[in-house]
Amino acid sequence: MDYVVILLLQIGSAIAGLVLLSIGLAVIFGMMRVINLAHGEFLMLGGYAAITAHNKGVNLWIAMLVVAPLTVGLFGALVERLVIRHLYGRLIDTMLATWGLSLAMIGFVTVVFGNTVSGISAPLGSLSIGGYRTGRYEVFLIGVAALLLVAGWLVLRYTRLGLIARGTMQNAAMAAALGTNPSAVYAVTFAVGSALTGLAGGLLAPLSGVVPTIGAAYIAKAFITVISGGAAILSGTAIASALLGAINTLTTFAFTSVLGEVALLAAAVVLLRLLPQGITGRFFRRAL
(Lines give C-alpha, C1' and ligand atoms only; values in the text may rest on other atoms or scores of the structure.)
Protein backbone atom coordinates (compact mmCIF):
# COMPACT_ATOMS: atom_id res chain seq x y z
CA MET A 1 0.00 0.00 0.00
CA ASP A 2 2.85 2.40 0.85
CA TYR A 3 4.44 1.62 -2.50
CA VAL A 4 1.20 2.52 -4.29
CA VAL A 5 0.97 5.85 -2.46
CA ILE A 6 4.56 6.70 -3.37
CA LEU A 7 3.91 5.72 -6.99
CA LEU A 8 0.82 7.94 -7.12
CA LEU A 9 2.80 10.84 -5.65
CA GLN A 10 5.52 10.33 -8.25
CA ILE A 11 2.92 10.29 -11.02
CA GLY A 12 1.38 13.46 -9.58
CA SER A 13 4.82 15.08 -9.44
CA ALA A 14 5.51 14.20 -13.09
CA ILE A 15 2.12 15.60 -14.13
CA ALA A 16 2.74 18.78 -12.12
CA GLY A 17 6.14 19.18 -13.78
CA LEU A 18 4.62 18.96 -17.26
CA VAL A 19 1.87 21.42 -16.32
CA LEU A 20 4.41 23.92 -15.01
CA LEU A 21 6.64 23.49 -18.06
CA SER A 22 3.75 23.93 -20.47
CA ILE A 23 1.28 26.42 -19.03
CA GLY A 24 3.20 29.52 -20.15
CA LEU A 25 3.64 28.07 -23.62
CA ALA A 26 -0.06 27.14 -23.67
CA VAL A 27 -0.89 30.83 -23.29
CA ILE A 28 1.64 32.09 -25.86
CA PHE A 29 1.28 29.32 -28.43
CA GLY A 30 -2.20 28.03 -27.63
CA MET A 31 -3.91 31.43 -27.43
CA MET A 32 -1.68 33.70 -29.51
CA ARG A 33 -0.41 31.12 -32.06
CA VAL A 34 3.13 32.39 -31.54
CA ILE A 35 5.78 29.66 -31.81
CA ASN A 36 8.27 30.75 -29.15
CA LEU A 37 11.41 28.64 -29.61
CA ALA A 38 12.99 30.58 -26.73
CA HIS A 39 10.48 29.08 -24.28
CA GLY A 40 13.15 26.87 -22.72
CA GLU A 41 15.41 29.87 -22.24
CA PHE A 42 12.57 31.79 -20.56
CA LEU A 43 12.37 28.88 -18.10
CA MET A 44 16.13 29.01 -17.67
CA LEU A 45 15.97 32.77 -17.02
CA GLY A 46 13.34 32.23 -14.33
CA GLY A 47 15.58 29.69 -12.64
CA TYR A 48 18.58 32.01 -12.66
CA ALA A 49 16.46 34.92 -11.41
CA ALA A 50 15.30 32.86 -8.41
CA ILE A 51 18.78 31.53 -7.63
CA THR A 52 20.47 34.92 -7.97
CA ALA A 53 17.86 36.65 -5.82
CA HIS A 54 18.14 33.98 -3.12
CA ASN A 55 21.96 34.19 -3.15
CA LYS A 56 21.64 37.95 -2.64
CA GLY A 57 19.64 37.40 0.54
CA VAL A 58 16.05 37.38 -0.73
CA ASN A 59 13.75 34.85 0.95
CA LEU A 60 13.60 31.66 -1.11
CA TRP A 61 9.81 31.71 -1.49
CA ILE A 62 9.80 35.35 -2.59
CA ALA A 63 12.63 34.60 -5.03
CA MET A 64 10.71 31.71 -6.62
CA LEU A 65 7.16 33.04 -6.45
CA VAL A 66 7.72 36.76 -7.05
CA VAL A 67 11.17 37.59 -8.42
CA ALA A 68 11.28 34.84 -11.07
CA PRO A 69 7.86 35.50 -12.69
CA LEU A 70 8.26 39.27 -12.43
CA THR A 71 11.69 39.21 -14.07
CA VAL A 72 10.66 36.96 -16.96
CA GLY A 73 7.31 38.73 -17.35
CA LEU A 74 9.05 42.09 -17.81
CA PHE A 75 11.57 40.51 -20.17
CA GLY A 76 8.70 38.96 -22.15
CA ALA A 77 6.96 42.33 -22.40
CA LEU A 78 10.17 43.82 -23.79
CA VAL A 79 10.57 40.98 -26.29
CA GLU A 80 6.97 41.37 -27.43
CA ARG A 81 7.42 45.10 -27.88
CA LEU A 82 10.70 44.90 -29.79
CA VAL A 83 10.41 41.63 -31.73
CA ILE A 84 7.18 39.64 -31.62
CA ARG A 85 4.84 42.58 -32.26
CA HIS A 86 6.19 42.97 -35.80
CA LEU A 87 5.86 39.27 -36.65
CA TYR A 88 2.25 38.30 -35.81
CA GLY A 89 0.86 36.04 -38.52
CA ARG A 90 4.34 35.21 -39.86
CA LEU A 91 5.06 31.82 -38.29
CA ILE A 92 8.37 31.11 -40.01
CA ASP A 93 9.74 34.56 -39.22
CA THR A 94 8.61 34.22 -35.60
CA MET A 95 10.33 30.83 -35.30
CA LEU A 96 13.58 32.21 -36.71
CA ALA A 97 13.45 35.30 -34.50
CA THR A 98 12.79 33.36 -31.29
CA TRP A 99 15.41 30.75 -32.21
CA GLY A 100 17.93 33.57 -32.59
CA LEU A 101 16.75 35.00 -29.28
CA SER A 102 17.30 31.64 -27.58
CA LEU A 103 20.87 31.46 -28.88
CA ALA A 104 21.53 35.03 -27.73
CA MET A 105 20.14 34.28 -24.27
CA ILE A 106 22.27 31.15 -23.92
CA GLY A 107 25.39 33.07 -24.91
CA PHE A 108 24.67 35.99 -22.58
CA VAL A 109 23.85 33.79 -19.59
CA THR A 110 26.96 31.68 -20.20
CA VAL A 111 29.13 34.80 -20.13
CA VAL A 112 27.49 36.05 -16.92
CA PHE A 113 27.08 32.82 -14.93
CA GLY A 114 29.48 30.42 -16.61
CA ASN A 115 28.72 26.98 -18.02
CA THR A 116 28.34 25.24 -14.66
CA VAL A 117 25.21 24.07 -12.85
CA SER A 118 23.74 26.51 -10.34
CA GLY A 119 21.18 25.40 -7.80
CA ILE A 120 19.42 25.88 -4.50
CA SER A 121 18.31 23.28 -2.00
CA ALA A 122 14.69 22.19 -2.14
CA PRO A 123 12.78 23.45 0.92
CA LEU A 124 10.29 21.61 3.17
CA GLY A 125 12.37 18.49 3.75
CA SER A 126 11.17 14.93 3.15
CA LEU A 127 7.98 12.99 3.82
CA SER A 128 8.02 9.43 5.15
CA ILE A 129 5.37 6.96 4.01
CA GLY A 130 6.03 3.55 5.50
CA GLY A 131 9.48 2.52 4.40
CA TYR A 132 9.60 5.07 1.58
CA ARG A 133 10.49 8.74 1.49
CA THR A 134 9.61 11.52 -0.91
CA GLY A 135 10.17 15.26 -0.94
CA ARG A 136 7.50 17.51 0.52
CA TYR A 137 8.48 20.10 -2.07
CA GLU A 138 7.33 17.80 -4.87
CA VAL A 139 3.96 17.48 -3.16
CA PHE A 140 3.87 21.29 -2.93
CA LEU A 141 4.44 21.53 -6.70
CA ILE A 142 1.42 19.31 -7.29
CA GLY A 143 -0.69 21.81 -5.38
CA VAL A 144 0.82 24.76 -7.27
CA ALA A 145 0.10 23.16 -10.65
CA ALA A 146 -3.50 22.46 -9.68
CA LEU A 147 -3.90 26.00 -8.36
CA LEU A 148 -2.56 27.51 -11.59
CA LEU A 149 -4.98 25.48 -13.70
CA VAL A 150 -7.98 26.42 -11.54
CA ALA A 151 -6.97 30.09 -11.34
CA GLY A 152 -6.39 30.25 -15.10
CA TRP A 153 -9.80 28.70 -15.79
CA LEU A 154 -11.54 31.12 -13.44
CA VAL A 155 -9.81 34.14 -14.97
CA LEU A 156 -10.53 33.14 -18.57
CA ARG A 157 -14.08 32.01 -17.85
CA TYR A 158 -15.44 34.58 -15.42
CA THR A 159 -13.46 37.82 -15.63
CA ARG A 160 -13.68 40.72 -18.06
CA LEU A 161 -9.94 40.50 -18.75
CA GLY A 162 -10.25 36.83 -19.66
CA LEU A 163 -13.18 37.53 -21.97
CA ILE A 164 -11.30 40.36 -23.70
CA ALA A 165 -8.20 38.19 -24.13
CA ARG A 166 -10.14 35.28 -25.63
CA GLY A 167 -12.20 37.54 -27.86
CA THR A 168 -9.16 39.39 -29.17
CA MET A 169 -7.30 36.16 -29.98
CA GLN A 170 -10.33 34.83 -31.87
CA ASN A 171 -11.14 37.99 -33.83
CA ALA A 172 -8.86 40.99 -33.32
CA ALA A 173 -10.71 43.16 -35.88
CA MET A 174 -14.04 42.67 -34.13
CA ALA A 175 -12.46 43.34 -30.73
CA ALA A 176 -10.98 46.57 -32.07
CA ALA A 177 -14.37 47.61 -33.46
CA LEU A 178 -15.82 47.16 -29.97
CA GLY A 179 -13.24 49.50 -28.45
CA THR A 180 -10.51 47.08 -27.38
CA ASN A 181 -6.86 47.77 -28.16
CA PRO A 182 -5.62 44.47 -29.64
CA SER A 183 -1.99 45.59 -29.46
CA ALA A 184 -2.23 46.09 -25.70
CA VAL A 185 -4.05 42.78 -25.24
CA TYR A 186 -1.37 40.92 -27.17
CA ALA A 187 1.36 42.59 -25.12
CA VAL A 188 -0.27 41.77 -21.79
CA THR A 189 -1.04 38.19 -22.84
CA PHE A 190 2.54 37.57 -23.95
CA ALA A 191 3.85 39.07 -20.70
CA VAL A 192 1.51 36.88 -18.63
CA GLY A 193 2.59 33.77 -20.53
CA SER A 194 6.22 34.75 -19.98
CA ALA A 195 5.60 35.34 -16.27
CA LEU A 196 4.03 31.88 -15.92
CA THR A 197 7.08 30.44 -17.65
CA GLY A 198 9.39 32.32 -15.28
CA LEU A 199 7.39 31.04 -12.31
CA ALA A 200 7.86 27.49 -13.58
CA GLY A 201 11.60 28.04 -14.01
CA GLY A 202 11.91 29.37 -10.48
CA LEU A 203 9.89 26.54 -8.96
CA LEU A 204 11.77 23.82 -10.84
CA ALA A 205 15.23 25.23 -10.07
CA PRO A 206 15.55 23.44 -6.67
CA LEU A 207 14.80 20.09 -8.33
CA SER A 208 16.91 20.20 -11.47
CA GLY A 209 19.41 23.01 -10.98
CA VAL A 210 20.03 25.49 -13.78
CA VAL A 211 22.63 25.62 -16.54
CA PRO A 212 22.57 27.92 -19.60
CA THR A 213 21.68 25.06 -21.96
CA ILE A 214 18.92 23.54 -19.82
CA GLY A 215 16.22 25.03 -22.02
CA ALA A 216 16.84 22.31 -24.60
CA ALA A 217 15.71 19.72 -22.06
CA TYR A 218 12.51 21.65 -21.35
CA ILE A 219 11.23 22.90 -24.68
CA ALA A 220 10.55 19.54 -26.35
CA LYS A 221 8.36 18.33 -23.46
CA ALA A 222 6.53 21.64 -23.34
CA PHE A 223 5.66 21.67 -27.05
CA ILE A 224 4.75 17.96 -27.03
CA THR A 225 2.36 18.52 -24.13
CA VAL A 226 0.69 21.62 -25.56
CA ILE A 227 0.30 20.19 -29.08
CA SER A 228 -1.00 16.87 -27.74
CA GLY A 229 -3.53 18.75 -25.64
CA GLY A 230 -5.05 20.49 -28.63
CA ALA A 231 -6.94 23.76 -28.92
CA ALA A 232 -8.23 24.04 -25.33
CA ILE A 233 -5.28 25.66 -23.60
CA LEU A 234 -6.03 24.66 -20.00
CA SER A 235 -7.99 21.42 -20.18
CA GLY A 236 -5.81 20.23 -23.07
CA THR A 237 -2.63 20.95 -21.15
CA ALA A 238 -4.01 19.26 -18.03
CA ILE A 239 -5.19 16.11 -19.85
CA ALA A 240 -2.03 15.75 -21.94
CA SER A 241 0.14 16.30 -18.85
CA ALA A 242 -1.80 13.64 -16.95
CA LEU A 243 -1.54 11.09 -19.76
CA LEU A 244 2.09 11.68 -20.68
CA GLY A 245 3.22 12.12 -17.07
CA ALA A 246 1.61 8.82 -16.04
CA ILE A 247 3.19 6.97 -18.97
CA ASN A 248 6.60 8.48 -18.23
CA THR A 249 6.49 7.63 -14.51
CA LEU A 250 5.14 4.09 -14.90
CA THR A 251 7.72 3.24 -17.56
CA THR A 252 10.49 4.72 -15.41
CA PHE A 253 9.39 2.64 -12.42
CA ALA A 254 9.20 -0.52 -14.52
CA PHE A 255 12.41 0.01 -16.49
CA THR A 256 14.69 3.08 -16.52
CA SER A 257 14.36 6.86 -16.75
CA VAL A 258 15.72 6.78 -20.30
CA LEU A 259 12.99 4.40 -21.41
CA GLY A 260 10.53 6.61 -19.55
CA GLU A 261 11.47 9.54 -21.77
CA VAL A 262 11.28 7.34 -24.86
CA ALA A 263 7.83 6.11 -23.84
CA LEU A 264 6.63 9.70 -23.36
CA LEU A 265 7.77 10.65 -26.86
CA ALA A 266 6.35 7.48 -28.40
CA ALA A 267 3.00 8.05 -26.69
CA ALA A 268 2.88 11.61 -28.02
CA VAL A 269 3.65 10.41 -31.57
CA VAL A 270 0.92 7.76 -31.42
CA LEU A 271 -1.54 10.23 -29.89
CA LEU A 272 -0.97 12.81 -32.60
CA ARG A 273 -1.21 10.12 -35.28
CA LEU A 274 -4.62 9.08 -33.96
CA LEU A 275 -5.76 12.60 -33.00
CA PRO A 276 -4.02 15.06 -35.36
CA GLN A 277 -5.83 18.02 -33.76
CA GLY A 278 -4.91 16.96 -30.25
CA ILE A 279 -7.05 15.55 -27.47
CA THR A 280 -9.36 18.55 -27.20
CA GLY A 281 -9.57 18.84 -30.97
CA ARG A 282 -11.50 15.54 -30.86
CA PHE A 283 -12.97 15.69 -27.35
CA PHE A 284 -13.93 18.54 -24.99
CA ARG A 285 -14.17 20.95 -27.90
CA ARG A 286 -15.95 23.65 -25.91
CA ALA A 287 -13.53 23.49 -22.97
CA LEU A 288 -11.04 26.23 -22.16
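As the structure is a computational prediction, the values presented were derived from the model and not from experiment.

S.K.: Looking at this structure, I do not really get the overall build of the protein chain. What am I missing?
M.R.: Of regular secondary structure, the protein chain possesses twelve helices and two strands. Listed by position from the N terminus, the elements making up the protein chain come as α-α-α-α-β-β-α-α-α-α-α-α-α-α. Its C-alpha atoms give the protein chain a radius of gyration of 19 Å, within 12% of the compact-globule value 19 Å for 288 residues. Principal-axis analysis of the C-alpha atoms gives the protein chain an extent of 65 × 45 × 35 Å.

S.K.: Hey, could you run me through the nonpolar core in this one?
M.R.: Soluble, globular proteins show a tendency: their nonpolar side chains are buried together. Of all hydrophobic cores here, the largest spans 60 residues; its most connected members are Leu20, Met31, Phe190 and Leu203. For this core, the element with the highest residue contribution is helix α1 (residues 2–31), accounting for eleven residues. Excluding anything up to four places from it in sequence, Phe190 contacts Ile28, Met32, Val34, Phe42, Gly76, Val79, Glu80 and Ile84. Ile224, Leu244, Ala267 and Ala268 belong to the second-largest nonpolar core, a separate cluster that totals six residues.

S.K.: I tried to follow unusual backbone geometry on my own but got confused; where do I start?
M.R.: Most peptide bonds adopt trans geometry, and most residues besides glycine take a negative phi value. Non-glycine residue Arg33 carries a positive phi angle of around 60°. Turning to its location among the elements, Arg33 is positioned in the loop between α1 and α2 (39–55). With relative accessibility at 47%, the residue Arg33 sits in the partly exposed group.

S.K.: Sorry, what's going on with the packing of helix α6 (residues 160–170) against helix α8 (residues 182–208) here?
M.R.: Packed helix pairs are characterised by how far apart their axes lie and by the angle those axes make with each other. Running from amino to carboxyl end, α6 crosses α8 at an angle of 110°, the nearest separation of the two axes being 10 Å. Relative to α8, α6 is oriented roughly perpendicular. Here α6 and α8 pass one another in a crossing that is left-handed. Where α6 approaches α8, its residues Ile164, Ala165, Thr168 and Met169 are matched on the opposing element by Pro182, Val185, Tyr186 and Thr189.

S.K.: Looking at this model, I keep getting lost on a nonpolar patch on the surface. Mind explaining?
M.R.: A contiguous nonpolar patch, built from Ile62, Leu65, Val66, Leu70 and Leu74 and spanning about 460 Å² of accessible area, is present on the exposed surface. By the element assignment, Leu70 lies in helix α3 (residues 60–82).

Criteria and thresholds
- Residues numbered from 1 in each chain as written.
- Predicted model: local features only at pLDDT ≥ 70, side-chain atom pairs only at ≥ 80, totals over all residues.
- Heavy atoms only, no water.
- Helix = DSSP H or I, 4+ residues; strand = E, 2+ residues; numbered from the N terminus.
- Rg over C-alpha atoms; globule rule 2.2 N^0.38 Å.
- Core = buried A, V, L, I, M, F, W, Y, C linked by side-chain atoms within 4.5 Å.
- Buried < 20%, exposed > 50% of the residue type's maximum accessible area, 1.4 Å probe, protein only.
- Contact = heavy atoms within 4.5 Å.
- Axes fitted to C-alpha atoms, helices over the stretch in contact; angles between N-to-C directions.
- Parallel < 35°, antiparallel > 145°, perpendicular 65-115°, else oblique.
- Left-handed = near helix turned anticlockwise from the far one by under 90°.
- Patch = residues over 30% accessible without salt bridge, like charges linked within 9 Å, V, L, I, M, F, W, Y side chains within 5 Å.
- Areas by Shrake-Rupley, 256 points an atom, 1.4 Å probe, with all protein chains shown as cover.
- Salt bridge = Lys/Arg side-chain N within 4 Å of Asp/Glu carboxyl O.

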